[in-house]
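As a plain string of letters, each chain reads:
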Amino acid sequence: QVQLVESGGGLVQPGGSLRLSCAASESIFSINAINWYRQAPGKQRELVATITNSGRTNYADSVKGRFTISKDDAKNTGYLLMNSLKPDDTAVYYCNAPEAVTSEGLMFDYWGQGTQVTVSS
């Protein structure tokens, strides 16, 4: 069963914008913190942005000032708004909820299936 579902990826021209979404399944009571990672072909997975349960955010230097991470606790959904996209941002983007709590009160580390972002003219 897929616990986190990402959407919003696609093909965009350099300088364009995309907003990724990460929706939790109904079995997850609370996503708490959200991480967004990305992995480009031939490269290691990279942590792009983090938002804690309290809403504190942190970004990789490569995306600082261009990407914004957020979450809607009422919808149990995380977001990554990506502006001023560059070809180097091309990668598969993954959301991760490392402290998700299920309706049974259990805590799990969940990952989404990934969504492709391609920045090209």
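Residues numbered from 1 in each chain as written. Predicted model: local features only at pLDDT ≥ 70, side-chain atom pairs only at ≥ 80, totals over all residues. Heavy atoms only, no water.

Engineer: Would you explain the environment of Glu 6 in this entry?
Structural biologist: Considering the arrangement of structural elements, one finds Glu 6 in strand β1 (residues 4-7). Of the residues examined, Glu 6 reaches a relative accessible area of 6% and is grouped as buried. Sequence-distant contacts of Glu 6, that is, excluding residues within four places in its chain, are made with Ser 21, Cys 22, Trp 36, Tyr 93, Tyr 94, Cys 95, Gly 112, Gln 113, Gly 114 and Thr 115. Separated by 3.1 Å, the side chain of Glu 6 and the backbone nitrogen of Gln 113 make a polar contact. Here the side chain of Glu 6 touches Gly 114 through a polar contact of 2.3 Å, landing on its backbone nitrogen. (Helix = DSSP H or I, 4+ residues; strand = E, 2+ residues; numbered from the N terminus. Buried < 20%, exposed > 50% of the residue type's maximum accessible area, 1.4 Å probe, protein only. Contact = heavy atoms within 4.5 Å. Polar contact = N/O pair within 3.5 Å; in protein donor to acceptor, adjacent residues only side chain to side chain.)

Engineer: Would you explain the nonpolar core in this entry?
Structural biologist: Side chains that are nonpolar tend, in soluble globular proteins, to be buried together. Leu 80, Met 82 and Tyr 93 are the most contacted members of the largest nonpolar core, which has 30 residues in total. If you list the elements that add at least two residues to this core, you get β3 (18-24), β5 (34-39), β6 (46-51), β8 (67-72), β9 (77-82), β10 (91-102) and β12 (115-119). Top element by residues in this core is β10. It accounts for five residues. Contact partners of Met 82, with chain neighbours within four places excluded, come to Gly 16, Ser 17, Leu 18, Leu 20, Arg 66, Phe 67, Tyr 93 and Val 117. (Core = buried A, V, L, I, M, F, W, Y, C linked by side-chain atoms within 4.5 Å.)

Engineer: Would you mind going over the environment of Ala 74 with me for this structure?
Structural biologist: Along the chain, Ala 74 turns up in the loop between β8 and β9. Once the C-alpha coordinates of Ala 74 and Ser 30 are considered, the two residues, 44 residues apart in sequence, prove to be 8.9 Å apart.

Engineer: Hey, could you run me through the sheet that holds β1 in this one?
Structural biologist: Two orientations exist for strands paired in a sheet by backbone hydrogen bonds: parallel and antiparallel. Spatially, four strands are ordered β1-β3-β9-β8 in an open sheet, and the strand pairing comes out antiparallel. Whereas interior strands pair on both sides, the edge strands pair on one side only; in this sheet they are β1 and β8. Within this sheet the neighbouring strands show an average axis-to-axis angle of 15 degrees, counted without direction. Where β3 lies against β9, six bridges are found, and the strand directions are antiparallel. The residue bridging Arg 19 from the neighbouring strand is Leu 81, located in β9. (Pairing = 2+ DSSP bridges. Axes fitted to C-alpha atoms, helices over the stretch in contact; angles between N-to-C directions.)

Engineer: Would you explain the packing of aromatic side chains in this entry?
Structural biologist: Describing an aromatic ring pair means giving the distance of the ring centres and the angle of the ring planes. Evaluated as defined, the whole model comprises two aromatic pairs. Ring centres of Tyr 37 and Trp 111 lie 5.0 Å apart, and the angle between their planes is 40 degrees; this geometry places the pair in the tilted category. Placement of the pair is Tyr 37 in strand β5 and Trp 111 in strand β11 (residues 107-111), with a sequence separation of 74 residues. A relative accessible area of 19% means that Tyr 37 is categorised as buried. For the pair Phe 108 and Tyr 110, a centre-to-centre distance of 5.5 Å together with 35 degrees between the ring planes defines the contact as tilted. It is Arg 45 that lies over the ring of Tyr 94; its NZ or CZ is 4.0 Å from the centre. (Phe/Tyr/Trp six-rings, centres within 6.5 Å; stacked < 30°, edge-to-face > 60°. Lys NZ or Arg CZ within 6 Å of the ring centre and 35° of its normal.)

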